[in-house]
Amino acid sequence: MSKHLGVGIIGTGWVAGAHIDNFKKIEGCEVTAVLSRDKARAAAKIAAHGLAEARAYDELDGFLADADLDIVVICSPHPMHPDETIAAARAGKHIVIEKPVALDAGRLAEMVAEVARAGVQTSVCFELRWIGLFENIKALIAQGHVGKLYYGETAYFHGCGPWYPQYPWNIKKEMGGGSFLTAGCHALDALLWFMDSRVTSVMAMGNYSADNPLGYEYEPNVAALLRFANGSIGKCASSIECRQPYQFPILLQGDRGTIDGNRISSLDWPGLTKEQWATLPSSLPDSGDVGDHPYLGQLQYFVDCIRTGDRPHNDLASCAHVHEVMFAIQTALEERREVEVQRTPGT
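Because the structure is a prediction, the values reported are computed rather than measured.

Chemist: Which residues make up the overall build of the chain, and what values do they have?
Modeler: Scanning the chain from terminus to terminus reveals 11 helices and 15 strands. At 20 Å, the chain has a C-alpha radius of gyration in line with the 20 Å of a compact globule built from 347 residues. For the chain, the C-alpha atoms occupy an extent of roughly 60 × 50 × 40 Å along the three principal directions. Residue burial in the chain is summarised as follows: out of 347 residues, 56% are buried. Expressed as a percentage of contacts within the chain between residues at least 6 apart in sequence, the contacts between residues at least 24 apart total 72%.

Chemist: Could you give me a rundown of the environment of L51, with the residues and numbers involved?
Modeler: By the secondary structure assignment, L51 is in the loop between helix 2 (39-48) and strand 3 (55-57). Here the alpha-carbon distance between L51 and E335, two residues 284 residues apart in the chain, equals 50 Å.

Chemist: Describe a negative patch on the surface, listing the residues and the values that go with them.
Modeler: On the surface, a cluster of negative charge is contributed by D38, D58, E59 and D61. Assessed through its relative accessible area of 56%, D61 is described here as exposed.

Chemist: Go over the state of the cysteines with me, naming the residues and quoting the values.
Modeler: Linking two cysteines covalently via their sulfur atoms produces the bond known as a disulfide. Inspection of every chain in the model, using the stated rule, returns 0 disulfides. We note that C236 lacks a disulfide partner, and the nearest cysteine sulfur, in C185, lies 9.7 Å from it. Cysteine C242 is unpaired, with the sulfur of C160 as its nearest cysteine sulfur at 7.8 Å.

Chemist: Describe the pattern of salt bridges, and please don't skip the residues or the numbers.
Modeler: Counted under the stated rule, the structure contains 16 salt bridges. Notably, a salt bridge pairs E338 with R227, separated by 3.5 Å at the nearest N-O pair. Pair noted here: E338 is in the loop between helix 11 (316-335) and strand 15 (339-340) and R227 is in strand 9 (residues 221-228), with a separation of 111 residues, a long-range link. E338 gets classed as partly exposed once you look at its relative accessible area, which sits at 35%. On the basis of relative accessible area, R227 is assigned to the partly exposed category, the value being 41%. Connected via shared salt-bridge partners are R55, D66 and D68.

Thresholds applied
- Residues numbered from 1 in each chain as written.
- Predicted model: local features only at pLDDT ≥ 70, side-chain atom pairs only at ≥ 80, totals over all residues.
- Heavy atoms only, no water.
- Helix = DSSP H or I, 4+ residues; strand = E, 2+ residues; numbered from the N terminus.
- Rg over C-alpha atoms; globule rule 2.2 N^0.38 Å.
- Buried < 20%, exposed > 50% of the residue type's maximum accessible area, 1.4 Å probe, protein only.
- Contact = heavy atoms within 4.5 Å.
- Patch = residues over 30% accessible without salt bridge, like charges linked within 9 Å, V, L, I, M, F, W, Y side chains within 5 Å.
- Areas by Shrake-Rupley, 256 points an atom, 1.4 Å probe, with all protein chains shown as cover.
- Salt bridge = Lys/Arg side-chain N within 4 Å of Asp/Glu carboxyl O.
- Lys, Arg positive; Asp, Glu negative; His and termini not counted.
- Charge placed at Lys NZ, Arg CZ, Asp CG, Glu CD.
- Disulfide = S-S within 2.5 Å.

Rendered as structure tokens:
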């Protein structure tokens, strides 16, 4: 029989609740601890989610010393992720890390080194890899229906204003980091996941809309051009001050066909004329509500990897590259030049 896995949650916000609800659905897992700077908030989160046996903590060392804890889920504000990841790794815990894992290359390198030293498993929350559309796109690419990709384009359009739970701290440069770091990283991860090649260099431009009405301390609208090691090119954009419904456009062009969101045109399907698309029935990335995100697929996969010893494709070392590209985009914005992407030691 597989070992029972105890799960501890760091944070009591919106996304923490999504992780609790999904771990409750996974056989052999139990949320046994919740950590908050305010112990009363941790206790309230436990009560709200009906975690009768869970314990509330307000101090990290005591939380990590909990003998029932096997997995730590980091749902705290962005700047706290590196220290919490390093502490959890040193305590021998497997770790789920909400995005972004770090706001600069130095802290990312520390995290990668400590996780490797500890030999624990990690899972970075690029959970859209488990949505139906992404799974279908990966399958279509693997089956060769679009041939060799030479161009890819993704974007993240999601206005994050006062109606959004993390807005008060997310608008601050030292907390949110940047448009890609705080949210657009989902679109960048998707592009890299589909193109399946390292990015060698980037160029980028950013701006605010007139008068910066939402008060962002960093440019909330960014467009980046990417050069891949295999010769393909791409474009990725992020706008978190847009006034529109949530959108996540995807365009992938290959030498045998094109994927446009949930539509495909392929030379492999002679019944399609060049003016026609085939539509893929899929669940779509059409909401910024974390309750609609496919965390269950990500977390079940992570638990399976812990039990089998397999390396997750979304572990920290693998997802470091998404962050490397984001750091290069930040430099390109600041220095107004093409920037080479620097590889993190140990990846």
